[in-house]
Structures are given as C-alpha cells and as structure tokens.
Amino acid sequence: EAEKAALTALIATIGENMQLRRAVRWQGAGPVASYLHMGGKIGVLLEVEGPVENPELLTDVCMHVAAFNPRFIKPENVPASVLASEREIARAQVQGKPEKIIEKIVDGKIAKWYTDVCLMLQPWLRDDKTCLAKVAPKLVVRRFLRWQIGEEL
C-alpha cells in the first residue's frame, strides 16, 4: 500500500500518469552494489559473495553490466535448452562441411558466443583485451539485474 501511495503522490506532483511495471526485492547475504546510467534510464543491481578488497570494482562491474548487457554470469549458468538452441544455430551455419570438423567448429562458435553473453567472459569494460574472470579471478558474482526503461518485459 505504501508503494501505491508513493506512486499516486508522484503522479500528482509530476502531472504524468505512470505505471510501476515491475519490482524486485533482494535480501542479499553478500555485498550488493547498484548503478544508475543515463539519469536512471538503465539500472543495475549486483550481488557478490565474500569480502571485496576493492569496492570500486563492484561499481565497475555494474557499469559493465549496464554497457554490455550480459545474459548470464558464466557458461555454467546457461540453461541447457538455451545452449542446445545455440548449438543448433551454429550447426546450421556450417552445413555442408565434413562431419568430422562440424562439432569442432560448433564448439568454437559456442566458445565465442559465451564471450558475448557471459559476464565473466565478455571483453572487460576497462580493458577489452581481458575479461572479468582474469581481472578478478576470486570474485564470485551471485546475481545481477539490469533494467532499462522501455524494454520489453
């Protein structure tokens, strides 16, 4: 109820109708960081495990998530159905090649895809010649959330 009252008050103050389309509440066990980009058009929440030696690193990770929009933390977090679908797409791209090398090519394409969609393997925000897994090998990301105004739900 408090949220509805706050939203009603904002609508009255601003004079624009607004809708709260989604909300999330985390009760984290580890350090949590947040970042707002473009005046709040993109928002990121991040939770990690264990002590963090460099708190600025968490802000950088949030900025990275805002900029590069990873879908997963690391390859082990990719659901089997998503991986199977990506393997099918990769296999379709190499039709006509000798059967012996198709699987190796598909494996290579999947490895490249991981660097596009996995936070820990994407080219790092501060140095695109490396990745977060190499910059902070002890960092354990538990979860992250990236919301952007106007994106599909």
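This structure is a prediction, so every number in the text was calculated from the model and none was measured.

1. Things to note about helix α1 (residues 2-14)
And step 1. Its 13 residues give α1 an end-to-end C-alpha distance of 18 Å, which sits within 8% of 18 Å, the value for a rise of 1.5 Å per residue.
And step 2. For α1, a buried count of zero out of 13 residues is recorded, marking the element as mostly open to its surroundings.
And step 3. Following α1 by one or two positions, Gly-15 has its phi on the positive side, about 85 degrees.

2. Observations concerning the side chain of Gln-122
And step 1. Tracing the backbone shows Gln-122 in the loop between α4 (99-117) and β3 (123-124).
And step 2. Taking relative accessible area as the criterion, Gln-122 reaches 3% and is therefore assigned buried.
And step 3. For Gln-122, the side chain forms a polar contact with the side chain of His-64, separated by 2.8 Å.
And step 4. Apart from the residues lying within four places of it in its own chain, the contact partners of Gln-122 are His-64, Phe-68, Asn-69, Pro-70, Thr-115, Asp-116, Val-117, Thr-130, Cys-131 and Leu-132.

3. Remarks on the environment of Thr-130
And step 1. Counting through the fold element by element, Thr-130 comes out in strand β4 (residues 127-131).
And step 2. The buried category is assigned to Thr-130, whose relative accessible area is 19%.
And step 3. Sequence-distant contacts of Thr-130, that is, excluding residues within four places in its chain, are made with Gln-122, Pro-123, Trp-124 and Val-135.

The rules behind each value
- Residues numbered from 1 in each chain as written.
- Predicted model: local features only at pLDDT ≥ 70, side-chain atom pairs only at ≥ 80, totals over all residues.
- Heavy atoms only, no water.
- Helix = DSSP H or I, 4+ residues; strand = E, 2+ residues; numbered from the N terminus.
- Expected span 1.5 Å × (residues − 1).
- Buried < 20%, exposed > 50% of the residue type's maximum accessible area, 1.4 Å probe, protein only.
- Polar contact = N/O pair within 3.5 Å; in protein donor to acceptor, adjacent residues only side chain to side chain.
- Contact = heavy atoms within 4.5 Å.

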